[in-house]
Structure formats: structure tokens, C-alpha cells
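So the chains spell out like this:
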Amino acid sequence: MGNSLKAIAAFVPSNKCQKYLLEDLEEMPVDKMVDLSGRQMRRLPVHICSFRELVKLYLSDNNLNHLPPELEQLQNLQILALDFNNFKALPLVVCTLKQLCILYLGNNKLCSLPLELRLLQNLKTLWIESNCLQYLPEVVCELSLLKTLHAGSNALRTLPPQLQCLQELRTIWLSGNLLSEFPPVLLDMPFLEVIDVDRNSIRFFPSLAHLPGLKLVIYDHNPCRNAPKVAKGVRRVGRWSEETPEPRKRSGAVIEIPLDQKPLLPPAAKTEPE
């Protein structure tokens, strides 16, 4: 009953209803964090935007599809979680929050990202997994401090060559897309430490042995007939990795060895800025 009342209150702009929705949150918390996840909200209470020293704002798992322009007042915000909502487009007001380090946009209905995203030059972690992206927006390649990119479970078929401009990028998660070949641009990114291309349609893997920073490559659940070659000490998760040999050729035929099922290594839980 309580959740139903909150869902109704989210539609009513009166101060009384908003106060009920915020559970008497009248002053900014001492830890400078507000978590309104899972409140069935369809609109963000504008009162939150008066907490100008706010550093972390979690709005995950609601029914939001827009944000008030007053959000621009939160110029100290470093973490913003908008995942598991109903956004079809990223509200441009988000791109005014120039201190953002971590932005969660996963599990929405995004088909693109605005060019204004380039204004977030302090962004280090971007989550855009489980959206409707058929291509990786090139504006992502302008986020010069980006270290971690979560872009799994979309409909990506390739990656833009401009991605190699992200020289701070260390981890890229591309699981569950439509890649039919290993993205060539990743071969020109020697600073990458983790590459995840699990659950795609890649049939052949080029050698990754020349990538000096690589520590882990996840390539399981692809229709591949070879394992990517890697330098000594690099962990592989997929067919014919450390535990099993690659198939042997006999009379021109490839004999595949049955695989043990390995658990997918999920992206780390929501992290704090470094």
C-alpha cells in the first residue's frame, strides 16, 4: 500500500505530497547522498535540486522519462544513477553537471546520446548497457578521461575508429551485442586491461598478444574456431582458454573439444569515483 501511495504522490506537485515522497527529507543529508531508488517515481521531486552540495544522487528503478531543469543547480554532483527507468533520450540537463564522474544510464530505451554529452569531461565511468543502441555514439569518444565503458546488451555491430582516442580507457564491456568480428579499433588500444566480447557472433579472433596492458579477455559464447592469442599472464575466459587446448586439425577437419560452462564475469557493482 505504501508503494502505491508513493506512486500516486509522484504525480501531485503539492508540497505535502512531495514531502511524503521524500519521507521528510527536508535538509541535505550529512553524507551528501540521496537515494530515491525503487520509489515508482514518474517525476523527480524538485525539492531535491535545492541540495546544492549534493555529491551522489541515485534514482535507479523508477518510472522516470524526464528530469526538471532545476537539476542544473546540482553542480557538485559526481555520481548520478538513472538506470532502470524509461528514458528514450538523455535529458540535456544531465550534460550541464560538469563534475560528474560516474553516470549510470543502463536499462533504459536510449537509441542515441546527445552531442552535449561531450561537456562531461570529468566522466570516468559510463554505463549504457541494456539500451537500444545500434551503434556506439561517437560523442563517447570525446570523453577524454573515460576509464570504464559498459555497453553490453545493445545491438552494436561495430565500434567507431575514434574510440582509440580514449587513451585513459582501461575496461570495455561489450557482452551481448551483434559483433560479427572482433572490433579492429581495439587492436590499436594497447592501454586496455579488460576486454569483454562475450555473447556475440565473432567467428575468428586476431592475436591480442601485442597489447601490453591486457590482463583479461572474455570471449565465451561466440561461434569462434580459435582462441585469441594473448601475452603470458593474461587471463582468457572462453573456448580453449587456459584449461583446455584448442581444437586439433585432422585431415583438414577441425575437431572441437566440449567446453565446461563458465560463469560470466559480471561488471563490478556500482563504484565510487577514484
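The rules behind the values
Residues numbered from 1 in each chain as written. Predicted model: local features only at pLDDT ≥ 70, side-chain atom pairs only at ≥ 80, totals over all residues. Heavy atoms only, no water. Helix = DSSP H or I, 4+ residues; strand = E, 2+ residues; numbered from the N terminus. Buried < 20%, exposed > 50% of the residue type's maximum accessible area, 1.4 Å probe, protein only. Contact = heavy atoms within 4.5 Å. Areas by Shrake-Rupley, 256 points an atom, 1.4 Å probe, with all protein chains shown as cover. Disulfide = S-S within 2.5 Å.

For the protein chain, the name recorded in an unreviewed UniProt entry is LRC10 protein, with Platysteira castanea as its organism.

Asker: In this structure, what is going on with the overall build of the protein chain? I would like to understand it.
Answerer: On a plain count of helices and strands, the protein chain comes out with 2 helices and 12 strands. Secondary structure elements in the protein chain, listed N-terminal to C-terminal, are α-α-β-β-β-β-β-β-β-β-β-β-β-β. Counting all 274 residues of the protein chain, 46% fall into the buried class. For the protein chain, long-range pairs separated by at least 24 residues make up 28% of all intrachain contacts whose partners lie at least 6 apart in sequence. Summed over its atoms, the accessible surface of the protein chain is roughly 13,600 Å², and 53% of this surface lies on carbon and sulfur atoms.

Asker: For this particular structure, what's the right way to read the state of the cysteines?
Answerer: Should the sulfur atoms of two cysteines be covalently bonded, the bond is a disulfide. Per the counting criterion, the structure on display carries 0 disulfides. Unpaired in terms of disulfides, Cys141 finds its nearest cysteine sulfur in Cys165, a separation of 6.9 Å. Classification of Cys141 by relative accessible area gives buried; the value is 8%.

Asker: Would you mind going over the side chain of Thr148 with me for this structure?
Answerer: Along the chain, the position of Thr148 falls in strand S6 (residues 148–150). For Thr148, a relative accessible area of 18% translates into the label buried. When near neighbours in sequence (up to four residues on either side) are disregarded, Thr148 contacts Lys124, Thr125, Leu126, Leu169, Thr171 and Trp173.

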